[in-house]
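# Residue-level structural notes
Each chain, written out:
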Amino acid sequence: MDKRIIEVGYGSVAKVKIGSRLPLVFIGGPCAIESRDHAFKMAEAIDLICRRMGVPWIYKSCYDKDCRSSQDSFHGLGADHGLRILADIREEFGVPVVSDFSEPIWGPATGEVCDMVQVPAYLCRQTSILRAAALTNRPVHLKKGQFMSPWNMKNSVRKIEANGNHQILLADRGTFFGYNMLVNDMTCFPIMARMGYPVCFDATHSIQLPTSMGNVSGGQREFIPHLVRAAAGCGINALFMEVHDDPDNALSDANTVLDIQYLENILGQAKAIHEMRLELLEKYGEDNAHLQK
Amino acid sequence: MPTYKNNTMRVSEVMMLLERIPVIRETVIMKEAFEEMGRLNLGIACIVDVNMKLLGILTDGDIRRKLLKVQKPFAALLVDDALEYSIRSPITIHLSDTLVHGVDIMGLKQVWDLPVVDNHGVLVGLLHLHPAVQALLGVTK
């Protein structure tokens, strides 16, 4: 399948290419920027692991968490402070960074600093957010809403394209299965890939149990490796996981973030399966069974 | 070949002009193609690129056959590119061909419509069976 390659990274940071038959890319970091020290500590730890494993990566952390279950939950450090930290992380580690934004007015500032901008899953069909993301001229990490079918993501893709941006990464983070429950339909990857863009699996949000804990979301982290292996076999180009050195005390998504002690294990498996899939494609050709009807 | 009253008439004299036929770009989805075909009340849509070069055609018959073959949800099919379900090398006719030749092809291929193209493969109109036959018979509206 002819998938467009997107390139994430401007200026002096590493240029990370995602798509086609390129190596699997890791996108990760703590869900929210908790403090400058913690953000740097996590960036350093992830960078060490990814360098050791030879995995190209993008640092992800958000400066504003606008979709928390409770208004009392940690909301983030805010755009000014948060983006300054992200800019410094870029500088220090030479790694591209990505953050989401929930208000169209935050688009320009987010795009000015970040190498890629992310559209939150709940807002994936909001025209104003998609337009703002497109107009940053940065690659757009577009997450499929938990309520969306994979094929209907094409409408969101078209909104971004209509605003002149053709650098899109489409991600799955699970689909609502009744109340407080998500499932992953692995067919969403080939379906979304047919839109011509690389696809990403958001593993840590996929095992979320949305707002299952009254005013907080729960999660079943034990399933992360299982889902990652399945997604890697289904043709993802990037793997997204939020990681933390102390999940129990994480200020955001404490029940879903992956303990960084497991990152190498899971990333190693994903990388191996990805490489094996590429070898199989070389040997047997692209998946085309019953595509032409 | 039988002799008709209007044996020398050209396709260009009878063809439907572009504003009366469904003409869609290659990025148009199935749902939008259906709407355009419905709006202009024709069972065919011509798919063109930015230069009006004909890329394919989508007909009622193609859609009917695809609906039976493609086992995906209807909502998914509606958002697919119309081009994906189109005939990519459709039979066409040149605007300077005779009308008799056009109707002959329609009979031979069992089709109701022939996209009309110029020397560069650019879509310029559509030869539709009803007006073609009416013109051959010398019937005027």
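Residues numbered from 1 in each chain as written. Chains lettered and ligands numbered in written order. Predicted model: local features only at pLDDT ≥ 70, side-chain atom pairs only at ≥ 80, totals over all residues.

### Points about the overall build of chain B
Within chain B, the secondary structure is distributed over 6 helices and 7 strands. Put simply, chain B runs from its N terminus to its C terminus through helices and strands in the order α-β-β-α-β-β-α-α-β-α-β-β-α. Taken against the 2.2 N^0.38 rule, which gives 14 Å for 141 residues, the C-alpha radius of gyration of chain B at 16 Å falls within 12% of a compact globule. Judged by the C-alpha coordinates and their principal axes, chain B covers about 50 × 30 × 25 Å. (Helix = DSSP H or I, 4+ residues; strand = E, 2+ residues; numbered from the N terminus. Rg over C-alpha atoms; globule rule 2.2 N^0.38 Å.)

### A word on the overall build of chain A
From N to C terminus, chain A includes 9 helices and 15 strands. A compact globule built from 293 residues would reach a C-alpha radius of gyration of about 19 Å, and chain A, at 17 Å, matches this within 12%. Relative to its 293 residues, chain A shows a buried fraction of 49%. Contacts in chain A between residues far apart in sequence, at least 24 positions, make up 67% of those at least 6 positions apart. (Buried ≥ 20, exposed ≤ 12 C-beta atoms within 10 Å, placed from the backbone. Contact = placed C-beta atoms within 7 Å.)

### Observations concerning helix 4 (residues 127-135) of chain A
For an α-helix, the turn length of 3.6 residues means that residues three or four places apart are oriented alike. Taken residue by residue, helix 4 of chain A has A:Ile129, A:Leu130, A:Ala132, A:Ala133 and A:Ala134 as its buried positions. Backbone geometry just downstream of helix 4 of chain A places A:Asn137 in the positive-phi region, at approximately 65 degrees.

### Considerations on the sheet that holds strand 4 (residues 54-59) of chain B
Residues and elements named next belong to chain B. On the basis of which strands lie adjacent, the open sheet formed by 3 strands has the order 2-3-4 and mixed pairing. Of all strands in the sheet, those with a lone pairing partner are strand 2 (23-25) and strand 4, marking the two edges. Between one strand and the next, the sheet's axes are offset by a mean angle of 30 degrees, whatever the strand orientation. (Pairing = 2+ DSSP bridges. Axes fitted to C-alpha atoms, helices over the stretch in contact; angles between N-to-C directions.)

### Concerning the sheet that holds strand 5 (residues 93-94) of chain B
Residues and elements named next belong to chain B. Taken in spatial order, the 4 strands make up an open sheet running 1-7-6-5, and their pairing is mixed. Since the sheet does not close on itself, it has two edges, and those belong to strand 1 (16-17) and strand 5, each with one partner. Relative to strand 7 (residues 123-128), strand 1 is paired through 2 bridges, and the arrangement is antiparallel. The residue of strand 7 that forms the bridge with Met16 is Leu126. Of the strands in this sheet, strand 5, strand 6 (113-117) and strand 7 touch helix 5 (residues 99-109), which is tilted by about 135 degrees from strand 6.

### Remarks on the interface of chain A and chain B
In this complex, chain A contributes 5 residues to the contact, which on the side of chain B involves 5 residues. Its residues placed into classes, the side of chain A that touches chain B shows 1 nonpolar, 2 polar and 2 charged. (Nonpolar A, V, L, I, M, F, W, Y, C, P; charged D, E, K, R; others polar.)

### Overview of the confidence of the model for chain B
Scored by pLDDT, chain B has a mean of 92; 94% of the residues are at 70 or more. Among the scores for the predicted complex, ipTM is 0.76 and pTM is 0.89. (pLDDT = per-residue confidence, 0-100.)

### Focus on the nonpolar core
Ranked by size, the top nonpolar core spans 85 residues in total, and within it A:Ile58, A:Leu169, A:Leu170, A:Cys200, A:Ile236, A:Ala238 and A:Leu239 carry the most contacts. Apart from residues lying up to four places away in sequence, A:Cys200 is in contact with A:Ile27, A:Leu169, A:Leu170, A:Ala171, A:Ile236, A:Asn237, A:Ala238, A:Leu239 and A:Phe240. Among the nonpolar cores identified, the runner-up in size contains 33 residues, and B:Met30, B:Leu54, B:Leu83 and B:Val117 belong to it. (Core = buried A, V, L, I, M, F, W, Y, C linked by C-beta atoms within 7 Å.)

### Some remarks on the pairing of strand 14 (residues 238-244) of chain A
Residue and element names in this part refer to chain A. Among the 7 residues in strand 14, 7 count as buried, and that is most of the element. Bridging between strand 11 (residues 199-202) and strand 14 involves 3 bridges; their strand directions are parallel. When the sheet's bridge partners are listed, Asp202 is paired in strand 14 with Phe240. In terms of strand pairing, strand 14 meets strand 15 (residues 258-259) through 2 bridges, oriented parallel. Bridged to His244 within strand 15 is Asp259.

### Description of helix 5 of chain B
Residue and element names in this part refer to chain B. Considered for burial, the residues of helix 5 that qualify are Leu99, Gly102, Val103 and Met106. Seen along its axis, helix 5 keeps its buried residues to an arc of 95 degrees; they face one direction. Seen from the buried face of helix 5, the exposed residues on the opposite side, beyond 90 degrees, are Leu108 and Lys109. The elements touched by buried residues of helix 5 are helix 1 (11-14), strand 5, strand 6, strand 7 and helix 6 (129-136). Once helix 5 finishes, Gln110 follows within two positions and takes phi at roughly 60 degrees, a positive value. (Arc of directions from axis to C-beta.)

### Here's the deal with the environment of B:Ala82
Residues and elements named next belong to chain B. Relative to the helices and strands, Ala82 is located in the loop between helix 4 (74-78) and strand 5. Among the residues examined, Ala82 registers 27 C-beta atoms within 10 Å and is labelled buried. It is 23 Å that separates the C-alpha atoms of Ala82 and Asp118, two residues lying 36 residues apart in sequence. With residues up to four places along the chain from it excluded, the contact list for Ala82 reads Ile24, Val28, Ile29, Met30, Ala33, Ala45, Ile47 and Leu58.

### Digging into the packing of helix 4 of chain A against helix 5 (residues 153-162) of chain A
When two helices pack together, their arrangement is given by the angle between their axes and by how far apart the axes lie. Residues and elements named next belong to chain A. As a packed pair, helix 4 and helix 5 sit with axes 8 Å apart at the nearest point and diverge in direction by 45 degrees. Regarding the angle of helix 4 to helix 5, the classification is oblique. Like other packed secondary-structure pairs, helix 4 and helix 5 cross with a definite hand, here right-handed. Counted together, Thr127, Leu130, Arg131, Ala133 and Ala134 of helix 4 and Ser156, Lys159 and Ile160 of helix 5 form the full contact between these two elements. Across the contact of helix 4 with helix 5, the residue classes break down as 4 nonpolar, 2 polar and 2 charged. (Parallel < 35°, antiparallel > 145°, perpendicular 65-115°, else oblique. Left-handed = near helix turned anticlockwise from the far one by under 90°.)

### Details of the pairing of strand 8 (residues 168-172) of chain A
Residues and elements named next belong to chain A. When you tally the buried positions in strand 8, you get 5 out of 5 residues, the bulk of the element. The side-chain alternation of strand 8 yields two buried faces, one formed by Ile168, Leu170 and Asp172 and the other by Leu169 and Ala171. Bridge count for strand 7 (residues 140-143) against strand 8 is 4 bridges, and the pairing is parallel. Following the sheet pairing, Leu142 is matched in strand 8 by Leu170. Pairing analysis gives 3 bridges linking strand 8 to strand 11, with the strands arranged parallel. Looking across to strand 11, one finds that Asp172 is bridged to Phe201.

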